[in-house]
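# Examining the three-dimensional arrangement
Each chain, letter by letter, is given below.
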Amino acid sequence: MRLNKFLASCGVCSRREADRLIEQGKVTVNGRPGETGQSVSDEDVVLVKGERIFGRQEPVVLAYHKPAGVTCSERDAHAEKLITDMIDYPVRLTYAGRLDKDSTGLILMTNDGDLIEAMMKGSHRHEKEYVVTVKREITPEFLESMKQGVYLKDLHLKTRKCRIRQVDGHTFVIILTQGVNKQIRRMCRACGNTVSAIRRVRIMNILLGDLGENEWREIKGEEKRRLYELSGQKRQNAGTDRKAE
């Protein structure tokens, strides 16, 4: 198995992030610096930043309600609260997709790097649903502009068309299929409004529901199978389910 896939299968990170760690010299194999494309097995001693990484574990997926003030990062010297420190779970988990520090709501945590990789591919157009509150009153023009896609000058791109509906004078629900950094805040700003609060309530088939802030639940059964199917990981998940039965 290639080194980046091995790290992803162990839940360390996505394959893309694994390649970065290898290039930065933070991965060793049997005491020597790891190389991109290198093959490894469970018999090899693989260390990431000095920590021993063992073979693939049973895939775990948690739904976590991130509070405001928590940073989606594994290591950030300037962050007061890291998401990886918020969940007391016996298996090492990594976040699948981010929410900015001031946003709240649903985050999926997993030890399955292949699932993370699949979920982060914008070309898959996975749906993510948010409840957004803005400072200025919402107008029909604002909603139509958001729906049709907004050109973001600083990023030199236009966002994809999306689904949006108004809840009240200052609140709307929006469903996105891409993951541009701080996309909703940028879109609102470009349309003449400012975000007061963002709460993510759904990722594909996984709902935040009545999960309280800083609470988590494990995704199991049909809900988990459907998540893997939507992510394009159906075969892998089916094999995992047979092992668990």
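The notes below deal with the structure included here. Only a predicted model underlies this, so the values are computations on that prediction, with no experimental measurement involved. Residue numbers run consecutively from 1 along every chain, following the written order of its sequence. pLDDT decides what is reported in this predicted model: residues at 70 or higher carry local features, side-chain atom pairs at 80 or more are listed and counted, and totals for whole chains, interfaces and linings draw on all residues regardless. Side-chain measures were taken over the full set of non-hydrogen atoms in the model, leaving aside hydrogen atoms and water.

## A look at the overall build of the protein chain
Under the convention used in this document: Only DSSP runs of H or I covering at least 4 residues are called helices, and only runs of E covering at least 2 are called strands; the numbering of each starts at the N terminus. Burial classes follow relative accessibility: with a 1.4 Å probe on protein chains only, a residue under 20% of its type's maximum area counts as buried, one over 50% as exposed, and anything between as partly exposed. Whether two residues are in contact is decided by their heavy atoms: any pair within 4.5 Å suffices. Using a 1.4 Å probe, accessible areas were evaluated by the Shrake-Rupley method; residue-level cover was limited to the displayed protein chains.
For the protein chain, the count of helices and strands is seven helices and 15 strands. Expressed along its principal axes, the backbone C-alpha trace of the protein chain runs to roughly 60 × 40 × 35 Å. Taking all 245 residues of the protein chain together, 48% fall into the buried category. Residue pairs at least 24 apart in sequence account for 64% of intrachain contacts in the protein chain once pairs closer than 6 positions are excluded. Here the protein chain displays about 13,200 Å² of accessible surface, and carbon together with sulfur accounts for 45% of that area.

## Focus: the nonpolar core
Generally speaking, nonpolar side chains in soluble globular proteins are found buried as a group. What counts here: In these notes, a set of buried Ala, Val, Leu, Ile, Met, Phe, Trp, Tyr and Cys residues joined through side-chain atoms within 4.5 Å is what counts as a nonpolar core.
In terms of nonpolar packing, the biggest core is built from 34 residues, with Met109, Val132, Met146, Phe172, Ile174 and Ile184 touching the most fellow members. Among the elements of the structure, strand S5 (61-66), strand S7 (104-110), strand S8 (128-134), helix H4 (140-148), strand S12 (171-176), helix H5 (183-190) and strand S13 (195-203) are those that each provide at least two residues to this core.

## Quick look at the layout of surface pockets
The following threshold applies: Lining residues are defined by having an atom within 4 Å of a point belonging to a cavity or pocket. Those points lie on a 1 Å grid over the protein atoms alone, cavities being sets where a 1.4 Å probe fits but cannot get out and pockets being open sets with protein on both sides within 12 Å along at least five of seven lines. Grid points are joined across faces, edges and corners, and a volume is the space filled by probe spheres set on the points. Under the grouping applied here, Gly and all other residues not named as nonpolar or charged are polar, the nonpolar ones being Ala, Val, Leu, Ile, Met, Phe, Trp, Tyr, Cys and Pro and the charged ones Asp, Glu, Lys and Arg.
Roughly 1,200 Å³ of volume is contained in the largest pocket. Lining the largest pocket are 47 residues, and of these Tyr95, Gly97, Arg98, Leu99 and Met120 lie nearest its centre. Listing elements by their share of the lining of the largest pocket, those giving two or more residues are helix H2 (15-23), strand S6 (94-96), helix H3 (113-120), S8, H5 and S13. Taken together, the residues of the lining of the largest pocket sort by class into 16 nonpolar, 13 polar and 18 charged.

## Notes on H3
The criterion, for reference: Counted as a polar contact is a pair of N or O atoms within 3.5 Å, where, for protein atoms, one must be capable of donating a hydrogen and the other of accepting one, and residues adjacent in sequence contribute only when both atoms are in side chains.
Counting buried positions over the eight residues of H3 gives seven, a clear majority of the element. All of the buried residues along H3 are Gly113, Asp114, Leu115, Ile116, Glu117, Ala118 and Met119. At the N-terminal boundary of H3, the capping side chain belongs to aspartate 112, with an oxygen 3.0 Å from the backbone nitrogen of aspartate 114.

## Points about the side chain of threonine 171
Mapped onto the secondary structure, threonine 171 falls in strand S12. We classify threonine 171 as buried; its relative accessible area is 11%. Discounting residues that sit within four places of it in the chain, threonine 171 has contacts with Val131, Val132, Thr133, Ile138 and Gln166.

## Quick notes on the pattern of salt bridges
Pairs can form between side chains of opposite charge once their charged atoms are near each other. We count it as follows: Throughout this description, the term salt bridge denotes a Lys or Arg side-chain nitrogen within 4 Å of a carboxyl oxygen of Asp or Glu.
Per the stated rule, a full pass over the model turns up eleven salt bridges. Between glutamate 51 and arginine 92 there is a salt bridge, with its nearest N and O atoms 3.4 Å apart. Of this pair, glutamate 51 sits in strand S4 (residues 51-53) while arginine 92 sits in the loop between S5 and S6; the two residues are 41 residues apart in sequence, bridging distant segments of the chain. What makes glutamate 51 partly exposed here is its relative accessible area of 38%. Overall, arginine 92 belongs to the partly exposed group, its relative accessible area being 29%. Among the ionic pairs, aspartate 154 bridges to arginine 186, the shortest N-O distance being 2.2 Å. With aspartate 154 in the loop between strand S9 (151-152) and strand S10 (157-158) and arginine 186 in helix H5, this residue pair connects regions lying 32 residues apart in the sequence. Judged by its relative accessible area of 16%, arginine 186 is buried. Beyond isolated ion pairs, a larger network of salt bridges with shared partners links Glu127, Glu129, Arg163 and Arg202.

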